[in-house]
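# Structural overview for review
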Amino acid sequence: MSNRINRKKYPAVFIFMLTGAAFVYFMSCFINIAEGCKKISKDIISSEVFRTVDFSYDDYKMLYYYSTDKNGIKQLEGINKSRLKNIVYDNMYNVVNKTKEKGSRCPIIFKYIVSDEVYESCFSAYFSIMNDIRCFPVSYDSDNKVGIAYEDSWGAARTYGGNRIHEGTDIMAGNNERGYFPVVSMTDGRVEKMGWLKLGGYRIGIRSESGAYYYYAHLDSYAQGLKEGMDVKAGSVIGMMGDSGYGKEGTKGKFDVHLHLGIYYGEDEISFNPYHILKIVDGFKMEFQKY
Ligand SMILES: [Zn+2]
């Protein structure tokens, strides 16, 4: 007896099998969707994909409203909320795709996968930080034309003090001269921490009203009179760029002169990648002011 005869004789069996297979397929889709939801709603803000959001050049241009004063200096006025919403949405869509690679397939459209609640919490994290920031953390040296440079090194391996990842962006001084570049606060906020850390050297931690924490490390010196508990305004000098750290208090010269900037958010102090944010505010440097 051949299969051909079987098919002719029992078509209902094959239809039943096909229906069964389709049922199993759709059920597995639903299970995957549910699994995807679980993965995405859990710790979305701490996911690497979310924290390392990339912005296109158009995004950079369109994200902030700014004005230009009579001297041609650009001032950040506020953030384009709807534009940011789109970027966060796109970024979360990428999170979904990455999750898919890890085996959690989400064959239906995005809005079924990420709940409004998760979306809102992501958006508010981004909005808090981007709305805090008003300027680049290092002054522009208009007279001497010494430049600064930085690249995206968030997540790179670091070994001093044990294996860890680089939770920030290093802004290097073109002349490698300690005490040359003024470091300014990117935000309004309160000085929460000052003093020596073995890793960070002379550091300052500033807490903004949104709850985000801005960490400036390896300073050569602090701005005169600056103390813990003081309120600072965005753009005010908080210290001078240096190369302190990696040893007991006062250790300098273990690496090139740079500012290490870290940005942390939320109760768990999740580390954000400052690189993309720095790119956005690169055009908003304060005038060089030495003291
Ligand atoms: Zn660093």
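Residues numbered from 1 in each chain as written. Predicted model: local features only at pLDDT ≥ 70, side-chain atom pairs only at ≥ 80, totals over all residues. Heavy atoms only, no water.

Looking now at the overall build of the protein. The helix and strand inventory of the protein stands at seven helices and 14 strands. For the protein, buried positions account for 44% of its 291 residues. Considering only contacts within the protein whose residues lie at least 6 apart along the sequence, 69% involve residues at least 24 apart. Summed over all atoms, the accessible surface of the protein reaches about 15,900 Å², with 52% contributed by carbon and sulfur. (Helix = DSSP H or I, 4+ residues; strand = E, 2+ residues; numbered from the N terminus. Buried < 20%, exposed > 50% of the residue type's maximum accessible area, 1.4 Å probe, protein only. Contact = heavy atoms within 4.5 Å. Areas by Shrake-Rupley, 256 points an atom, 1.4 Å probe, with all protein chains shown as cover.)

Attention now moves to a nonpolar patch on the surface. Judged by side-chain polarity, Tyr-10, Val-13, Phe-14, Phe-16 and Met-17 come together as a nonpolar surface patch covering roughly 540 Å² of accessible area. On the basis of relative accessible area, Phe-14 is assigned to the partly exposed category, the value being 34%. (Patch = residues over 30% accessible without salt bridge, like charges linked within 9 Å, V, L, I, M, F, W, Y side chains within 5 Å. Salt bridge = Lys/Arg side-chain N within 4 Å of Asp/Glu carboxyl O.)

Grouped burial of nonpolar side chains is what soluble globular proteins tend to show. Ranked by size, the top nonpolar core spans 55 residues in total, and within it Tyr-64, Ile-129, Met-130, Ile-133 and Tyr-216 carry the most contacts. Per element, the largest residue contribution to this core is seven residues, and it comes from helix 6 (residues 116–132). Taken domain by domain, this core gets at least three of its residues from each of domain 1 (1–132) and domain 2 (148–281). In this structure, Tyr-64 is in contact with Leu-76, Gly-78, Ile-79, Asn-80, Met-130, Ile-133, Ile-280 and Val-281, ignoring residues within four places of it in sequence. (Core = buried A, V, L, I, M, F, W, Y, C linked by side-chain atoms within 4.5 Å. Domains from an automatic or database assignment.)

Looking now at the coordination of the zinc ion. Distances from the zinc ion to its protein donors, His-166 (NE2), Asp-170 (OD) and His-260 (ND1), fall within 1.9 to 2.1 Å. Taken in sequence order, the residues that donate to the zinc ion follow the motif H-x3-D-x89-H. Of this pair, Asp-170 sits in strand 6 (residues 169–173) while His-260 sits in strand 13 (residues 258–265), and the two are 90 residues apart along the sequence. Look at His-260 and you get buried, because its relative accessible area is 9%. (Donors = N, O, S within 2.8 Å, 3.2 Å for Na, K, Ca; no water.)

A few words on the pattern of salt bridges. Within the structure shown, the criterion is met by eight salt bridges. As a salt-bridge pair, Arg-158 and Asp-170 come within 3.3 Å of each other at their nearest N and O atoms. Linking Arg-158 in strand 4 (residues 157–158) with Asp-170 in strand 6, this pair joins segments that are 12 residues apart in sequence. Assessed through its relative accessible area of 13%, Asp-170 is described here as buried.

Enumeration over the complete set of coordinates arrives at 10 aromatic pairs. Relative to Phe-255, the ring of Tyr-246 lies with its centre 5.0 Å away and its plane at 75°, an arrangement referred to as edge-to-face. Between Tyr-265 and Phe-272, the ring centres sit 6.4 Å apart and the planes meet at 70°, which makes this aromatic pair edge-to-face. For the pair formed by Tyr-265 and Phe-272, the shared burial category is buried. Linked through ring pairs, Tyr-126, Tyr-265 and Phe-272 together constitute an aromatic cluster. (Phe/Tyr/Trp six-rings, centres within 6.5 Å; stacked < 30°, edge-to-face > 60°.)

Another point: the confidence of the model for the protein. Predicted confidence across the protein gives a mean pLDDT of 81, with 76% of residues reaching 70 or more. Per-residue pLDDT stays below 50 along residues 107–112; that stretch engages in nine contacts with residues further than four places along the chain or on separate chains. (pLDDT = per-residue confidence, 0-100.)

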